[in-house]
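Notes for the structure review
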Amino acid sequence: MISGRRVWITGVSSGIGAATAQALAQEGWRVAGTARRQEPLDQLLSELPGEGHLLRTADVREDGELQAVAEEIAGEFGGLDLLVANAGVGYRAKVEEFELDPLRAVLDTNVLGVLLTCRAALPLLRAGERPVCVLVSSVVGRRGIPGQSAYAASKAAVCSIGEALRIEWAPDGIDVCTLNPALTATGFFDAQPNPGSLPGPDMRDSAQPRDVAEAILRLSDHPRPELHLRWKWRVLGAVNALAPSLADRLLVKRLGGEWRAPKRSR
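To keep things clear, this report deals only with the structure shown in the data block. Everything numeric in this text was worked out from a predicted model, so none of it was measured.

1. Quick word on the nonpolar core
- Counting residues in each nonpolar core, the largest one holds 30 residues, and the members touching the most others are Trp8, Ile73, Leu80, Cys118, Cys133, Leu135 and Trp169.
- If you list the elements that add at least two residues to this core, you get helix 3 (63-77), strand 4 (82-85), helix 4 (100-126), strand 5 (132-136) and helix 5 (149-168).
- The element best represented in this core is helix 4, accounting for eight residues.
- Each residue touching Leu80, except ones within four places of it in the same chain, is listed here: Arg6, Val7, Trp8, Ile73, Ala121, Leu124, Leu125, Gly128, Glu129 and Pro131.

2. Examining the packing of helix 7 (residues 231-242) against helix 8 (residues 244-254)
- Direction vectors running N to C along helix 7 and helix 8 enclose 145 degrees, while the axes themselves pass 6 Å from each other. For the pair formed by helix 7 and helix 8, the contact residues are Lys232, Trp233, Leu236, Val239, Asn240 and Leu242 on the first element and Pro244, Leu246, Ala247, Leu250, Leu251 and Arg254 on the second.
- For the contact of helix 7 with helix 8, the per-class residue count stands at nine nonpolar, one polar and two charged.

3. Concerning the sheet that holds strand 7 (residues 226-228)
- The sheet built from seven strands is open, its strands ordered 3-2-1-4-5-6-7 with parallel pairing. Only two strands of the sheet have a single partner each, and these edge strands are strand 3 (54-57) and strand 7. Each strand axis lies, on average, 15 degrees off the axis of its neighbour in the sheet, ignoring direction.
- Here five bridges tie strand 5 to strand 6 (residues 175-180), and the two strands are oriented parallel to one another. By the bridge assignment, Cys133 is partnered in strand 6 with Val176.
- Running over the sheet, helix 3 touches strand 1 (6-10), strand 2 (30-35) and strand 3 and is turned about 165 degrees from strand 3.

4. A look at helix 1 (residues 15-26)
- Here helix 1 spans 17 Å end to end across 12 residues, near enough to the 16 Å set by a 1.5 Å rise per residue.
- With 10 of its 12 residues buried, helix 1 lies for the most part within the structure.
- Among all positions in helix 1, only Ile16, Gly17, Ala18, Ala19, Thr20, Ala21, Gln22, Ala23, Leu24 and Ala25 are buried.
- Just downstream of helix 1, Gly28 is the residue with a positive phi angle, here 95 degrees.

Rules and cut-offs
Residues numbered from 1 in each chain as written. Predicted model: local features only at pLDDT ≥ 70, side-chain atom pairs only at ≥ 80, totals over all residues. Heavy atoms only, no water. Core = buried A, V, L, I, M, F, W, Y, C linked by side-chain atoms within 4.5 Å. Buried < 20%, exposed > 50% of the residue type's maximum accessible area, 1.4 Å probe, protein only. Helix = DSSP H or I, 4+ residues; strand = E, 2+ residues; numbered from the N terminus. Contact = heavy atoms within 4.5 Å. Axes fitted to C-alpha atoms, helices over the stretch in contact; angles between N-to-C directions. Nonpolar A, V, L, I, M, F, W, Y, C, P; charged D, E, K, R; others polar. Pairing = 2+ DSSP bridges. Expected span 1.5 Å × (residues − 1).

On their own, these measurements won't tell you what the molecule is for.
Here you go:
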């Protein structure tokens, strides 16, 4: 069996997942990665430094597919030192414009998929050395924004899963970290259905996938319960907990809109 620290990354075919695979492989990690499409997996495998990597197609919404990958990882790697639950999809729409298929897809992938991934990986993490689980959530998991209520709800659920697993898995010596990136230049929004007339996101202040990958690499050695990658959003989350109406005003201003208080009858 080839030596090296071992990681399983979901949603590894592009964006944050692919950048994380590259960053960890460069540090000598053995990478197990899953995604739904074979072609980008083949491309990534040809680019990863090192050897002994394992990239397989699997849909995080399908428990049987995840369990099959977990069994293969157990046979090839023997265990895991890091799980990165990264697979996710987005949906930008006002509530009045929701379509059921993309709505179900974002909730099934981002919530059910994380739970099923964690369950499949748990026996492998128990066999790891100083194992760490990183759940990739979002800043909108701590403060929802207009036009992304479904996506924000799914990421808020990921934050809650992280809080629960930190306690559930502590007796096994597994650190659980929730990572909350802000807007990242991954092409994520380009692939999202947009049934309404929402403006596109302002990418001028966006992070790069490599920035998020480096944060995951740091967490693998120095885990912490939760990490925001933009201090402004961390402050907004704190304001939201203490003064939600003020947070509403600040968010609307940041998004370039004009605050309008709701009409109330006397």
